[in-house]
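Tertiary structure, described
What follows is each chain in one-letter form.
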Amino acid sequence: MEKDETKAQGMAEEAQLRTQPPSSAVVFQCVVCAAVLGDSSAFACSHAGLRTVSLRAASHVRVLDDEPETSREGVDAGSTYFAVKCSGCDAQVGKVYLTTPRALDLMRDAFSLESERLKNYVLGEHELTLGEDQPENGRVESGANLQIEERMEQVEEQLLKVENLLLLYNERLEHLEGTGTGAGMNKGRNEELYTSPKPAAKRAKK
(Lines give C-alpha, C1' and ligand atoms only; values in the text may rest on other atoms or scores of the structure.)
Protein backbone atom coordinates (compact mmCIF):
# COMPACT_ATOMS: atom_id res chain seq x y z
CA MET A 1 0.00 0.00 0.00
CA GLU A 2 2.75 2.40 0.95
CA LYS A 3 4.66 1.47 -2.19
CA ASP A 4 1.61 2.26 -4.35
CA GLU A 5 1.23 5.67 -2.70
CA THR A 6 4.89 6.46 -3.30
CA LYS A 7 4.55 5.41 -6.93
CA ALA A 8 1.43 7.55 -7.39
CA GLN A 9 3.18 10.53 -5.82
CA GLY A 10 6.13 10.07 -8.16
CA MET A 11 3.84 9.94 -11.19
CA ALA A 12 2.09 13.13 -10.06
CA GLU A 13 5.41 14.90 -9.68
CA GLU A 14 6.55 13.75 -13.11
CA ALA A 15 3.33 15.09 -14.59
CA GLN A 16 4.28 18.57 -13.38
CA LEU A 17 7.62 18.32 -15.16
CA ARG A 18 7.48 19.41 -18.80
CA THR A 19 10.20 18.72 -21.32
CA GLN A 20 8.53 20.35 -24.32
CA PRO A 21 10.32 23.64 -25.06
CA PRO A 22 8.33 26.81 -25.87
CA SER A 23 7.05 27.01 -29.43
CA SER A 24 8.67 30.46 -29.85
CA ALA A 25 12.09 31.69 -28.84
CA VAL A 26 11.95 33.23 -25.38
CA VAL A 27 14.51 35.44 -23.64
CA PHE A 28 14.56 35.28 -19.83
CA GLN A 29 15.55 38.44 -17.91
CA CYS A 30 16.06 39.34 -14.27
CA VAL A 31 12.91 41.02 -12.98
CA VAL A 32 14.96 43.48 -10.92
CA CYS A 33 17.62 44.78 -13.33
CA ALA A 34 16.50 43.27 -16.67
CA ALA A 35 19.82 41.49 -17.21
CA VAL A 36 19.50 38.66 -19.75
CA LEU A 37 19.91 35.38 -17.89
CA GLY A 38 19.28 32.94 -20.71
CA ASP A 39 16.95 31.88 -23.49
CA SER A 40 14.84 28.94 -24.57
CA SER A 41 17.56 27.56 -26.88
CA ALA A 42 19.09 26.07 -23.70
CA PHE A 43 15.73 24.79 -22.37
CA ALA A 44 15.96 21.59 -20.33
CA CYS A 45 12.56 21.43 -18.59
CA SER A 46 10.02 23.38 -16.58
CA HIS A 47 8.20 22.43 -13.39
CA ALA A 48 4.69 23.70 -12.69
CA GLY A 49 4.77 22.94 -8.96
CA LEU A 50 8.15 24.57 -8.32
CA ARG A 51 7.40 27.30 -10.86
CA THR A 52 10.83 27.00 -12.43
CA VAL A 53 12.40 26.98 -15.88
CA SER A 54 15.57 24.88 -16.08
CA LEU A 55 18.24 25.82 -18.61
CA ARG A 56 21.37 23.90 -19.58
CA ALA A 57 23.27 27.20 -19.83
CA ALA A 58 22.83 30.69 -18.42
CA SER A 59 24.50 34.10 -18.56
CA HIS A 60 24.98 37.00 -16.13
CA VAL A 61 24.56 34.69 -13.15
CA ARG A 62 26.71 33.77 -10.17
CA VAL A 63 26.58 30.34 -8.49
CA LEU A 64 27.19 30.36 -4.73
CA ASP A 65 29.13 27.11 -4.66
CA ASP A 66 30.90 27.64 -1.32
CA GLU A 67 28.53 25.25 0.47
CA PRO A 68 25.32 23.56 -0.68
CA GLU A 69 21.93 24.18 0.89
CA THR A 70 19.14 21.68 1.49
CA SER A 71 15.48 22.17 0.68
CA ARG A 72 13.35 21.46 3.76
CA GLU A 73 9.87 21.25 2.28
CA GLY A 74 7.89 21.07 -0.91
CA VAL A 75 8.28 18.94 -4.01
CA ASP A 76 12.08 19.17 -3.84
CA ALA A 77 12.35 18.40 -0.11
CA GLY A 78 15.67 16.75 0.71
CA SER A 79 17.35 18.07 -2.44
CA THR A 80 20.69 19.82 -2.16
CA TYR A 81 21.49 22.83 -4.32
CA PHE A 82 23.63 25.89 -4.87
CA ALA A 83 21.84 29.25 -4.89
CA VAL A 84 22.06 31.23 -8.14
CA LYS A 85 22.18 35.04 -8.13
CA CYS A 86 21.99 37.65 -10.85
CA SER A 87 25.45 39.12 -11.37
CA GLY A 88 23.89 42.46 -12.27
CA CYS A 89 21.93 43.22 -9.09
CA ASP A 90 22.80 40.28 -6.79
CA ALA A 91 19.16 39.18 -6.51
CA GLN A 92 18.64 35.43 -6.07
CA VAL A 93 17.06 34.06 -9.25
CA GLY A 94 17.21 30.28 -8.89
CA LYS A 95 19.09 27.13 -7.97
CA VAL A 96 21.48 24.53 -9.35
CA TYR A 97 20.37 21.17 -7.95
CA LEU A 98 23.09 18.73 -6.95
CA THR A 99 20.80 15.97 -5.70
CA THR A 100 17.08 15.53 -6.34
CA PRO A 101 14.32 12.95 -6.02
CA ARG A 102 14.14 10.65 -9.01
CA ALA A 103 11.17 12.56 -10.44
CA LEU A 104 13.31 15.70 -10.70
CA ASP A 105 16.35 14.12 -12.31
CA LEU A 106 16.12 16.41 -15.34
CA MET A 107 16.57 19.46 -13.14
CA ARG A 108 19.87 18.24 -11.75
CA ASP A 109 22.99 20.18 -12.85
CA ALA A 110 20.86 22.73 -14.68
CA PHE A 111 20.10 26.37 -13.93
CA SER A 112 16.59 26.21 -12.47
CA LEU A 113 15.35 29.80 -12.60
CA GLU A 114 12.31 30.80 -10.53
CA SER A 115 9.51 32.26 -12.67
CA GLU A 116 8.58 34.98 -10.17
CA ARG A 117 12.18 36.25 -10.37
CA LEU A 118 11.99 36.49 -14.15
CA LYS A 119 10.41 38.50 -16.88
CA ASN A 120 10.48 37.16 -20.41
CA TYR A 121 10.38 38.45 -23.95
CA VAL A 122 9.06 36.34 -26.81
CA LEU A 123 11.02 37.02 -29.99
CA GLY A 124 8.83 38.06 -32.92
CA GLU A 125 6.04 39.53 -30.80
CA HIS A 126 5.64 43.30 -31.16
CA GLU A 127 3.04 45.65 -29.75
CA LEU A 128 3.11 47.92 -32.79
CA THR A 129 4.45 47.85 -36.33
CA LEU A 130 4.57 50.54 -39.00
CA GLY A 131 1.34 50.78 -41.00
CA GLU A 132 -0.88 49.63 -38.14
CA ASP A 133 -3.30 51.90 -36.32
CA GLN A 134 -1.87 53.07 -33.05
CA PRO A 135 -3.95 52.74 -29.89
CA GLU A 136 -5.92 55.92 -29.33
CA ASN A 137 -4.64 56.42 -25.80
CA GLY A 138 -1.04 55.98 -26.88
CA ARG A 139 -1.44 58.49 -29.70
CA VAL A 140 -3.09 61.09 -27.50
CA GLU A 141 -0.51 60.74 -24.76
CA SER A 142 2.35 61.02 -27.26
CA GLY A 143 0.80 64.09 -28.87
CA ALA A 144 0.18 65.72 -25.50
CA ASN A 145 3.75 65.11 -24.40
CA LEU A 146 5.06 66.57 -27.64
CA GLN A 147 2.90 69.69 -27.27
CA ILE A 148 4.07 70.19 -23.68
CA GLU A 149 7.71 69.92 -24.73
CA GLU A 150 7.22 72.41 -27.57
CA ARG A 151 5.41 74.82 -25.26
CA MET A 152 8.19 74.59 -22.68
CA GLU A 153 10.76 75.41 -25.37
CA GLN A 154 8.73 78.45 -26.45
CA VAL A 155 8.45 79.68 -22.84
CA GLU A 156 12.19 79.28 -22.34
CA GLU A 157 12.87 81.28 -25.53
CA GLN A 158 10.54 84.08 -24.39
CA LEU A 159 12.15 84.21 -20.95
CA LEU A 160 15.58 84.43 -22.55
CA LYS A 161 14.45 87.37 -24.72
CA VAL A 162 13.00 89.20 -21.70
CA GLU A 163 16.20 88.60 -19.75
CA ASN A 164 18.32 90.03 -22.61
CA LEU A 165 16.07 93.10 -22.86
CA LEU A 166 16.34 93.73 -19.12
CA LEU A 167 20.12 93.46 -19.26
CA LEU A 168 20.25 95.88 -22.19
CA TYR A 169 17.95 98.36 -20.42
CA ASN A 170 20.03 98.13 -17.26
CA GLU A 171 23.22 98.84 -19.20
CA ARG A 172 21.71 101.92 -20.86
CA LEU A 173 20.38 103.19 -17.54
CA GLU A 174 23.79 102.83 -15.89
CA HIS A 175 25.41 104.64 -18.83
CA LEU A 176 22.98 107.56 -18.59
CA GLU A 177 23.45 107.86 -14.84
CA GLY A 178 27.21 107.81 -15.31
CA THR A 179 27.20 110.68 -17.82
CA GLY A 180 24.82 112.79 -15.76
CA THR A 181 22.23 112.93 -18.49
CA GLY A 182 20.00 110.61 -16.62
CA ALA A 183 20.15 112.81 -13.49
CA GLY A 184 19.28 115.90 -15.49
CA MET A 185 16.41 114.15 -17.17
CA ASN A 186 15.10 112.92 -13.88
CA LYS A 187 15.42 116.39 -12.33
CA GLY A 188 13.50 118.01 -15.17
CA ARG A 189 10.88 115.34 -15.02
CA ASN A 190 10.49 115.76 -11.26
CA GLU A 191 10.08 119.52 -11.66
CA GLU A 192 7.33 118.93 -14.20
CA LEU A 193 5.58 116.49 -11.89
CA TYR A 194 5.81 118.42 -8.63
CA THR A 195 5.64 122.13 -9.66
CA SER A 196 2.27 123.53 -8.71
CA PRO A 197 0.35 125.03 -11.60
CA LYS A 198 0.15 128.85 -11.60
CA PRO A 199 -3.28 130.24 -10.63
CA ALA A 200 -5.32 131.56 -13.49
CA ALA A 201 -5.29 135.35 -13.90
CA LYS A 202 -8.36 137.09 -12.56
CA ARG A 203 -10.59 138.73 -15.04
CA ALA A 204 -10.57 142.52 -14.95
CA LYS A 205 -13.78 144.01 -13.69
CA LYS A 206 -15.65 146.08 -16.19
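Owing to the predicted nature of the structure, the values given are computational and were not obtained by experimental measurement. (Residues numbered from 1 in each chain as written. Predicted model: local features only at pLDDT ≥ 70, side-chain atom pairs only at ≥ 80, totals over all residues. Heavy atoms only, no water.)

This paragraph deals with the nonpolar core. F28, C30, L37, L55, C86, V93 and L113 are the most contacted members of the largest nonpolar core, which has 17 residues in total. Every element with two or more residues in this core is listed here: strand 2 (26–30), strand 5 (52–55), strand 7 (80–86), strand 8 (92–99), strand 9 (111–114) and strand 10 (118–122). Residue contributions to this core peak at three residues, all from strand 2. L17, C45, Y97 and L104 belong to the second-largest nonpolar core, a separate cluster that totals six residues. (Core = buried A, V, L, I, M, F, W, Y, C linked by side-chain atoms within 4.5 Å. Buried < 20%, exposed > 50% of the residue type's maximum accessible area, 1.4 Å probe, protein only. Helix = DSSP H or I, 4+ residues; strand = E, 2+ residues; numbered from the N terminus.)

A few words now on the side chain of E114. Looking at where E114 falls in the secondary structure, it is placed in strand 9. Contacts of E114, omitting those with residues within four sequence positions, involve R51, T52, V93, G94 and K95. (Contact = heavy atoms within 4.5 Å.)

Okay, the packing of aromatic side chains next. To describe a pair of aromatic rings, one takes the distance between the centres and the angle between the planes. In total, this model carries one aromatic pair according to the counting rule given. Ring centres of Y81 and Y97 lie 6.1 Å apart, and the angle between their planes is 65°; on these two criteria the pair is classed as edge-to-face. You can see Y81 sitting in strand 7 and its partner Y97 sitting in strand 8, a full 16 residues away along the chain. Both residues of the pair, Y81 and Y97, belong to the buried class. (Phe/Tyr/Trp six-rings, centres within 6.5 Å; stacked < 30°, edge-to-face > 60°.)

What follows is about the pattern of salt bridges. Between side chains of opposite charge, a pair can form as their charged atoms come close. With the rule as written, the count across this model stands at five salt bridges. One salt bridge in this structure joins K95 and D76, with 3.6 Å as the shortest N-O distance. Of this pair, K95 sits in strand 8 while D76 sits in the loop between strand 6 (61–70) and strand 7; the two residues are 19 residues apart in sequence, bridging distant segments of the chain. Both residues of the pair, K95 and D76, count as buried. Note that D105 and R108 form a salt bridge whose closest N and O atoms lie 2.4 Å from each other. Taking relative accessible area as the criterion, D105 reaches 36% and is therefore assigned partly exposed. Taking the relative accessible area as the measure of exposure, R108 reaches 33% and is therefore partly exposed. (Salt bridge = Lys/Arg side-chain N within 4 Å of Asp/Glu carboxyl O.)

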